[in-house]
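Now for the letters of each chain:
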Amino acid sequence: MFQPKKKRPRIRRTMSGLIALTLLSSLVFPSIAGAEPAEPSQVEFANVSVQAGQTVHVPVALKKSHFGVKAYNMQIDYDTSALEIVRITPKSVNVMSTSPNEEGVADFQYEINNAEGWVRIIWVDFTGGDHSIVDETQLFDMEIKAKSNATPGTKQLSVDQTDSEHWHFTNVEHENYTELSGGTITITAANSGGGNSGSPASSSGGSVSPTTPVVTPVPSTPAVTKGVDIYVNGQKQEQSATATTSTVGNQVTTTVHVDNDKVINQIGSGLRTLLLPITGTGKGAVVGELNGKLVKTMEGSNAEVVIQTDSGTYTLPANQIQVDQVLNQFGSTVPLEDITIQIAIVPSATSKQTAIQAAADKLQNTTVVATPVDFEVKAIWNGQQVNVDRFNSYVERSITLPEGVDGSKITTGVVLQPDGSLLHVPTKVIKGNGQDSAIINSLTNSTYALIYHPATFSDVTNHWSREDVQDLASRLIVQGTSENVFAPDRSITRAEFTAVLLRGLGLHSPNSAEAASFTDVKTGSWYEDEVQTAVSYGLISGYADDSFRPNSEISRAEALTIVSRAMKLVGLAQADASETTSLLSTYSDSAKVQSWAAEPVASAIKQELVQGADGKLMTDADISRAQSAAIVKRLLAKAGLI
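Notes on the structure in this doc start here. (Residues numbered from 1 in each chain as written. Predicted model: local features only at pLDDT ≥ 70, side-chain atom pairs only at ≥ 80, totals over all residues. Heavy atoms only, no water.)

**Concerning the overall build of the protein**
Per the secondary structure count, the protein includes twelve helices and 29 strands. The proportion of buried residues among the 642 residues of the protein is 52%. The long-range share in the protein, meaning contacts at least 24 apart out of those at least 6 apart in sequence, stands at 77%. Carbon and sulfur atoms make up 47% of the accessible area of the protein, which amounts to about 27,300 Å² in all. (Helix = DSSP H or I, 4+ residues; strand = E, 2+ residues; numbered from the N terminus. Buried < 20%, exposed > 50% of the residue type's maximum accessible area, 1.4 Å probe, protein only. Contact = heavy atoms within 4.5 Å. Areas by Shrake-Rupley, 256 points an atom, 1.4 Å probe, with all protein chains shown as cover.)

Encoded structure:
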């Protein structure tokens, strides 16, 4: 089946179940008796601002601890007259370890009560302490909506730290020995420009995260600074930047500070590419620094900034940094030249590498190739930080393979999910002189790895779809109906087709908080998240009776309609009205193509995604699993994503 692996059991939505889990955490991981740390441990809620009627993300992080956290429980209270909780999302890969002993009990649970104004969050490491949470880790994210009638002012997220049912950390001295900070939500009037709303991104860019305090690590070795050359439109600009190299712990970081005014004066309005080539850093981290004024100038020229390092390359269109949205986060009166934009390529932390290897081991017949890499974009001003982590168009980054590693031994790039799983991102391998590279295109920033996952099925060996099916299976896009069996000629349901297309495109989570309202998409169904994601990207719309009919077979016309919407996302041109008639007329059954499907079908023909059979389109016929795989692969290949 195309159905993904079974998801975690959904939360038991009763207070008794949550309290039981709290007690269990205390029994499994008792606190360290009599061990008072020299300094309090620290948990921090971000301070954010939001317009009335909009949503905002509030990260919750463990900033300092003296022992690894092995379980925690907290109840957060809020003012229901102004706020409501939309969702809670676990963020640390450590908080998603599966319990081998507590079958049916999820290790991360939460319950929201917007009527009474509280949310309870509980996590327990059921692995016996192998995945404890350490310093500088985001525990989870709260998405909070300011009600449309909320009065401008400040509201405070609060916790009763004197009640162990409301505040309890195991293996971190808690209550009087754990400090909680932050949690102030500043509500501004609607349309007043008072901060990021967290609503769907506009066509000019993606989305930015809310502001969080900047944590500046102390270098363990003296920083070394030298002048470096950069390139504007391919022309060397001597000594137009400086590179500072420092070491924090075991991580060597080279930061390139661009002479912003010098570059702006040299390029005027004709900038196309700003290249920062930083070599000789090996596996160290590289950070390119520009200010908001230069980025805004580049945005007006439709220019891109390229960070080129030994481990990879990041090519980022300036308009995807969304300087205006960043400015709204900090305050519209902040000078653009005072905002620092950091674009970073960083080798993934050991904990992430371990999580990726563990996920690959679960997939079986899977090898992780090369060191995983984090790609990041941050905006910093006055001690506050905004993460730019979602884009409206695919952003290209590459990972350079180690010397001697054959690019043909890579089947795809994958992204590490918060639950510790690996999911496909569009990837193609480029042969180089001595070293090959994997080009990854994604709509988000994250941790990326390369894997080798060859897949074969006995029933497609002599089938016309063999190459397409096995290629997509090796990319984790399609799955068999059972071990070694694909069933290529079986029909596919609407939910299954949607899931396959999303996996192919690398769309793994919604890009907005807008909820799908289909009457027949059941809460807890395997396809619930897929439908939500597809709706948020405008790929599906359902029927006039507000149903989606997830388990009904999908026709060729319906499938191509969804694909035509995906064509917009990947930048493929669609057929216009004049082309539609001409393209359809070459098929003997063109008169049977319903009007609503005419342009989508013609667009698929234009981009050679479908060819028909025996001179017919057969748009009313059910599409098969093999045909679905072939169309999705052609879409990705035509867009240059694989």
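**Some remarks on the sheet that holds strand β10 (residues 167-170)**
A sheet is described by the order of its strands in space; here four strands give the open sequence β6-β7-β4-β10, paired in antiparallel fashion. Sheet topology places β6 (108-113) and β10 at the edges, where each strand pairs with a single neighbour. Neighbour to neighbour, the strand axes of the sheet diverge by 10° on average, direction disregarded. Where strand β4 (residues 71-77) lies against β10, four bridges are found, and the strand directions are antiparallel. Note that in β10 the partner of Met 74 across the bridge is Trp 167. (Pairing = 2+ DSSP bridges. Axes fitted to C-alpha atoms, helices over the stretch in contact; angles between N-to-C directions.)

**Regarding helix α6 (residues 466-474)**
An α-helix turns once per 3.6 residues; consequently, residues spaced three or four apart project the same way. Of all nine residues that make up α6, seven are buried, and the element is covered over most of its length. For α6, every residue scored as buried is listed here: Asp 468, Val 469, Gln 470, Asp 471, Leu 472, Ala 473 and Ser 474. Close packing links the buried residues of α6 with β25 (412-416) and α12 (625-638). Backbone geometry just downstream of α6 places Leu 476 in the positive-phi region, at approximately 70°.

**Here we look at the pattern of salt bridges**
Tallied over the entire structure, the rule returns 16 salt bridges. With a shortest N-O distance of 3.0 Å, Arg 87 and Glu 143 are connected by a salt bridge. Of the two residues, Arg 87 sits in strand β5 (residues 83-90) while Glu 143 sits in strand β8 (residues 137-146), which places them 56 residues apart along the sequence. Among the salt bridges present, the one from Lys 633 reaches Asp 468, with a minimum N-O distance of 3.5 Å. One end of the pair, Lys 633, is in helix α12; the other, Asp 468, is in helix α6, with 165 residues separating them in the sequence. Exposure class is identical for Lys 633 and Asp 468. Each is buried. (Salt bridge = Lys/Arg side-chain N within 4 Å of Asp/Glu carboxyl O.)

**A closer look at the side chain of Thr 411**
You can see Thr 411 is positioned in the loop between β24 (384-400) and β25. On the basis of relative accessible area, Thr 411 is assigned to the buried category, the value being 12%. A polar atom in the side chain of Thr 411 sits 3.0 Å from the backbone nitrogen of His 453. When residues no more than four places from it in sequence are discounted, the contact partners of Thr 411 are Ile 451, Tyr 452, His 453, Pro 454, Ser 474 and Arg 475. (Polar contact = N/O pair within 3.5 Å; in protein donor to acceptor, adjacent residues only side chain to side chain.)

**Remarks on the pairing of strand β26 (residues 422-425)**
In this sheet, β26 lies alongside β25 in antiparallel orientation, the contact comprising four bridges. Within β26, the residue paired with Val 414 across the bridge is His 424. Hairpin connection between β25 and β26: a loop of five residues separates the two successive antiparallel strands, and Gly 420 in this loop has a positive phi of roughly 85°.

**Describing the environment of Ile 492**
Looking at where Ile 492 falls in the secondary structure, it is placed in the loop between α6 and α7 (494-505). Ile 492 sits in the buried class, given a relative accessible area of 0%. The sequence separation of Ile 492 and Ser 552 amounts to 60 residues, and the corresponding C-alpha distance is 8.3 Å.

**Some words on the environment of Leu 641**
The residue Leu 641 is located in the segment after α12 in this model. With a relative accessible area of 5%, Leu 641 lands in the buried category. Taking the C-alpha atoms as reference points, Leu 641 and Ser 442, 199 residues apart in sequence, are found 9.3 Å from one another. Those residues in contact with Leu 641 that lie beyond four places of it in its chain are Tyr 394, Pro 426, Thr 427, Lys 428, Asn 441, Val 570 and Leu 636.

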